[in-house]
Amino acid sequence: MNCRHCHHELTHTFVDLGSCPPSNAYLDEKSLYGPETWYPLKVLLCDKCWLVQTQDIVHADAMFSADYAYLSSYSSTMLRHAEDYVSHVSARFGLGPTSRVIEVASNDGYLLQYVQQRGIPCLGIEPTHVAANISRGKGIEVIEEFFGASLANELSARGLQADLMAGNNVLAHVPDINDFVKGFAILLKPNGVVTFEFPHLMNLIRNKLFDMIYHEHFSYLSLHAVQSVFRSNGLEVFDVEEVSTHGGSLRVYGQRSDVMHHPITTNVASFLSREKDAGMLDTAVYLGFHKELQKIKDDLLMFLIEQKRSGKNVVAYGAAAKGNTLLNFAGVRRDYLAYVVDRNPEKAGKFMPGNHIPIVDEENIRNSRPEYVLILPWNLKSEIMQQLDYIRDWGGKFMVAIPRLESLSFRELGQRTEQDAAIF
Ligand SMILES: [Zn+2]
């Protein structure tokens, strides 16, 4: 296979997680009795542009189910982050009633609702029907299509060019990253700004966040790789900053390279050199990653076996992609984990892909009083611990498996959050 961005031949494997079903292919009770399709989950490294990317899969189009259930507004952390983002960029770039903001992958309007509240005209682009419809219910105009150069040309011809285009947590999800980024350059006004937020590959490696790897994430991005993709497609990075989402993300600011309106900040060179110092321009860091994962798997399995033998109950919280990668890689089934709780009512009553652990509502925790709740979306652990604070009434404990298996207390969490903020 050749690199999706620079077409260089890919000869290095970054991580091989075996096979698993697509992470959002939740099953209903009836489909438990039918066949389930598993796909290889292997991630390769390009040693020319440093784009880390999933291996191409035959029949990939059949992989994505239409009833994609992830809705950003279910997380109060994501909502607060979106509100802060809108406040920050509106002030920095002087956005107002004569500007236009376009968000690509606008989901359920979790972000554009704050743009709208400020009286700034906005437009969402979101291919998922359920999410697009929820946004429309908030009065946000949404185009229900996949984004790329072709849609950008069409919208541009209709005079819909943007002062600000946002693409948060979407750059990793697109198979044709060149065409996607080119679309932003086409749809941007000459002095306009694009921002992308994506989990930073440097943190993924450093903190062993391998559960962020799943089929729907085609790319794992460093600033070096993003700069290369931008440059080939009409954009130039002019600023970059760290944000705390998904274990440490980068927010990259780009502009049209034919205009270069915004001065390039010193942050760009500084982040590039931090990546270089962390070994991100050397294959050794990437190739040493896989052996770290085996320890996480072993520790989790040993913990679950010990609890089972001593008659204690372990349940999990957060039926999302991260949990599916971890549980399927570790080979955990419902004999070790009775159920997974999720706040999204559309998931309750379904089953996790691959491991078939039932997804239930939170009432089950109150009723069955488990000794341990394993938090799968570690990026939302603080929010989840507050929400489930009552498990302390019966001596219940919170656990996470990544970056290492450990029990969390509120006191420790406070300290760790401060540490995380320092690291990220
Ligand atoms: Zn490449």
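Everything that follows concerns the structure shown earlier in this document.
Since the structure is predicted, the reported quantities are computational estimates derived from the model, not experimental observations. (Residues numbered from 1 in each chain as written. Predicted model: local features only at pLDDT ≥ 70, side-chain atom pairs only at ≥ 80, totals over all residues. Heavy atoms only, no water.)

## Notes on the overall build of the chain
In terms of regular secondary structure, the chain is built from 14 helices and 17 strands. Taken against the 2.2 N^0.38 rule, which gives 22 Å for 424 residues, the C-alpha radius of gyration of the chain at 21 Å falls within 12% of a compact globule. Considering only C-alpha atoms, the chain reaches an extent of 65 × 50 × 45 Å along its principal axes. Per-residue burial over the chain gives 54% buried out of 424 residues. (Helix = DSSP H or I, 4+ residues; strand = E, 2+ residues; numbered from the N terminus. Rg over C-alpha atoms; globule rule 2.2 N^0.38 Å. Buried < 20%, exposed > 50% of the residue type's maximum accessible area, 1.4 Å probe, protein only.)

## Brief notes about the packing of aromatic side chains
Summed over the entire model, instances satisfying the criterion amount to 15 aromatic pairs. It is Lys322 that lies over the ring of Trp378; its NZ or CZ is 5.1 Å from the centre. (Phe/Tyr/Trp six-rings, centres within 6.5 Å; stacked < 30°, edge-to-face > 60°. Lys NZ or Arg CZ within 6 Å of the ring centre and 35° of its normal.)

## Topic: the coordination of the zinc ion
Protein coordination at the zinc ion comes from Cys3 (SG), Cys6 (SG), Cys46 (SG) and Cys49 (SG), with a distance range of 2.3 Å. The site at the zinc ion holds four donor atoms, and with the angles between them running 102 to 116°, its shape is tetrahedral. Each donor residue of the zinc ion lies on the same chain, and together they follow the pattern C-x2-C-x39-C-x2-C. Each of the two residues, Cys46 as well as Cys49, counts as buried. (Donors = N, O, S within 2.8 Å, 3.2 Å for Na, K, Ca; no water. Tetrahedral: all angles 85-135°; square planar, octahedral: opposite > 155°, others 65-115°.)

## Brief notes about the sheet that holds strand β6 (residues 142-143)
One open sheet accounts for seven strands, arranged β6-β5-β4-β7-β8-β11-β10; its pairing is mixed. Here the strands that pair on one side only, and so sit at the sheet edges, are β6 and β10 (235-243). Inspection of the sheet shows strand β4 (residues 101-104) paired to strand β5 (residues 122-125) by four bridges, in the parallel sense. By the bridge assignment for β5, Ile102 is matched with Leu123. (Pairing = 2+ DSSP bridges.)

## Let's talk about the sheet that holds strand β9 (residues 219-220)
In space, the four strands of this open sheet follow the order β1-β2-β3-β9, with antiparallel pairing throughout. The sheet is open, and its two borders are formed by β1 (12-20) and β9, each paired with just one other strand. Judged from the six bridges that link them, β1 and strand β2 (residues 39-45) form a sheet pairing that is antiparallel. For Ser19, the partnering residue across the bridge sits in β2 and is Pro40.

## Observations concerning the pattern of salt bridges
For the coordinates displayed, the defined rule picks out 14 salt bridges. Between Arg251 and Glu197 there is a salt bridge whose closest N-O contact spans 2.8 Å. With Arg251 in strand β11 (residues 249-256) and Glu197 in strand β8 (residues 188-199), this pair connects stretches of sequence that are 54 residues apart. Summarising the burial analysis for this pair, Arg251 and Glu197 share the class buried. (Salt bridge = Lys/Arg side-chain N within 4 Å of Asp/Glu carboxyl O.)

## Brief notes about the packing of helix α10 (residues 290-309) against helix α11 (residues 321-330)
Between two packed helices, the angle of one axis relative to the other and the distance separating the axes together describe the packing. It is at 9 Å that the axes of α10 and α11 come closest, and there the two elements cross at 80°. Regarding the angle of α10 to α11, the classification is roughly perpendicular. When α10 is examined against α11, the residues Leu293, Ile296, Lys297, Leu300 and Leu301 are found in contact with a partner set consisting of Leu326, Phe329 and Ala330. Of the residues belonging to the contact of α10 with α11, the class tally is seven nonpolar, no polar and one charged. (Axes fitted to C-alpha atoms, helices over the stretch in contact; angles between N-to-C directions. Parallel < 35°, antiparallel > 145°, perpendicular 65-115°, else oblique. Contact = heavy atoms within 4.5 Å. Nonpolar A, V, L, I, M, F, W, Y, C, P; charged D, E, K, R; others polar.)

## A closer look at the side chain of Arg4
Topologically, Arg4 is positioned in the segment before β1. Within the local environment of Arg4, its side chain forms a polar contact with the side chain of Asp56, the two groups lying 2.9 Å apart. Ignoring anything within four residues of it in the chain, the contact list for Arg4 reads Gln53, Thr54, Gln55, Asp56, Pro175, Asn178 and Phe218. (Polar contact = N/O pair within 3.5 Å; in protein donor to acceptor, adjacent residues only side chain to side chain.)

## Examining the packing of helix α4 (residues 149-157) against helix α5 (residues 177-187)
Across the interface, α4 lies against α5 with an axial gap of 7 Å and an inter-helix angle of 15°. Here α4 lies roughly parallel to α5, going by the angle between them. Here α4 runs over α5; the crossing is right-handed. Counting all contacts with α4, which are made through Ala149, Ala152, Asn153, Leu155 and Ser156, the residues of α5 involved are Asp179, Lys182, Gly183, Ile186 and Leu187. (Left-handed = near helix turned anticlockwise from the far one by under 90°.)

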